[in-house]
Amino acid sequence: MPQNVMQISSLTKVFDTPTGPYVAVKDFQAEFQPGEFVALLGHSGCGKSTVLSIVAGLQERTEGGVIVDGKEIDGPGLDRAFVFQSPCLLPWMTALANVTLACREERRALKYLELVGVGEYAAQYPPELSQGTQQRVAIARALSLEPRFLLLDEPFGALDSITRCELQDLVLDLWETEPKTVLMVTHDVDEAIYMCDRIILMTDGPESRVGLNIPVNLPRPRSRRWAMENPEYFRIRKEIIGFLEHHSKQFVH
Ligand SMILES: Nc1ncnc2c1ncn2[C@@H]1O[C@H](COP(=O)(O)OP(=O)(O)OP(=O)(O)O)[C@@H](O)[C@H]1O
Ligand SMILES: [Mg+2]
């Protein structure tokens, strides 16, 4: 068994709200192996982004902690790169300048823009680019840091379904050629099964925690067509939907 690279230990997050403290996440426990691709899945508002942003060091924890190589993290670090649902590029800078701002080396920035297939747009400004191209730039910016951990918060959530599939495959290709530990927040069941080695299902808040850990033992590289015909794929899908229905009164897609 390989050594854990990251451990989330008894993580609790309490928000102060006008109506009193709100315990969004309580005693969240998880560990991640090197090179593992893990989804964090759950209903809207269950606390996925809260957990991910604490892992990124963008938000303070209330109790518990995140341990990398035996040491507790305290704040953001270049070992953990984040991609948000919206590209969050600076509109007054070119695509190349946006990436260079992160990695501080133009040659490296261009290499990653090319790697994600948008080298030709390097000199253009974000408002001139499509949503999908902007998100590719955001992915290049994260990868240009050459992080050990890639933290993705619904990175394809704002894209149309064709672009979404393209970018899912891009991230998978990049991860297969250069494995790193990936934590991806999503509420798309099919996306989680198609992309991940393991799916962590969160219960609904308040006091959200890990409800179920589901390994996805489907061979790689995966293809959509193959997945759609695979009985194991449907077994996992059923298990996830069963969990989500049980843990919420809301409709599950
Ligand atoms: N700064 C804050 N102050 C108060 N409450 C907050 C704050 N941030 C998040 N919350 C609450 O904590 C809970 C978890 O929020 P979070 O954004 O982590 O959920 P999520 O699973 O990412 O949801 P979604 O799928 O909609 O993105 C929600 O009930 C939310 O309203
Ligand atoms: Mg969220």
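The following refers to the structure shown. None of the values given here were measured: they were computed from a predicted structure.

What counts as what
Residues numbered from 1 in each chain as written. Chains lettered and ligands numbered in written order. Predicted model: local features only at pLDDT ≥ 70, side-chain atom pairs only at ≥ 80, totals over all residues. Heavy atoms only, no water. Helix = DSSP H or I, 4+ residues; strand = E, 2+ residues; numbered from the N terminus. Rg over C-alpha atoms; globule rule 2.2 N^0.38 Å. Buried < 20%, exposed > 50% of the residue type's maximum accessible area, 1.4 Å probe, protein only. Contact = heavy atoms within 4.5 Å. Areas by Shrake-Rupley, 256 points an atom, 1.4 Å probe, with all protein chains shown as cover. Salt bridge = Lys/Arg side-chain N within 4 Å of Asp/Glu carboxyl O. 1 Å grid on protein atoms, 1.4 Å probe; cavity = no way out; pocket = protein on both sides within 12 Å on 5 of 7 lines; lining within 4 Å. Points joined across faces, edges and corners; volume = space filled by probe spheres on them.

1. Some points on the overall build of the protein chain
Within the protein chain, the secondary structure is distributed over eight helices and 10 strands. Its C-alpha radius of gyration of 18 Å places the protein chain within 12% of the 18 Å reference for a compact globule of 253 residues. In terms of its C-alpha atoms, the protein chain occupies a principal-axis envelope of roughly 50 × 45 × 40 Å. When each of the 253 residues of the protein chain is scored for burial, the buried share is 50%. Relative to all contacts within the protein chain whose residues are 6 or more apart in sequence, the contacts with residues 24 or more apart total 70%. Surface summary for the protein chain: the accessible area is close to 12400 Å², and the carbon and sulfur share equals 52%.

2. What to know about the pattern of salt bridges
Oppositely charged side chains can pair when the atoms bearing their charge come close. Within the structure shown, the criterion is met by 15 salt bridges. The shortest N-O distance in the salt bridge between R80 and D79 comes to 3.0 Å. R80 gets classed as buried once you look at its relative accessible area, which sits at 9%. Note that R224 is salt-bridged to D169, the shortest N-O span being 3.0 Å. Taken together, the positions of R224 in helix α7 (residues 224–228) and D169 in helix α5 (residues 161–177) put the pair 55 residues apart, joining distant regions of the chain. One salt-bridge network, in which partners are shared between bridges, spans R108, K111 and E146.

3. What about the layout of surface pockets?
Its boundaries defined by the atoms lining it, the largest pocket holds a volume of some 200 Å³. In this structure, the largest pocket is lined by A81, F82, F84, C88, L90, N98, L101, A102, R141, A142 and L145. Among the elements of the structure, β6 (80–83), α2 (95–103) and α4 (131–143) are those that each provide at least two residues to the lining of the largest pocket. Residue contributions to the lining of the largest pocket peak at three residues, all from α2. Considering only enclosed or pocket space, the second largest pocket measures out at about 160 Å³ in volume.

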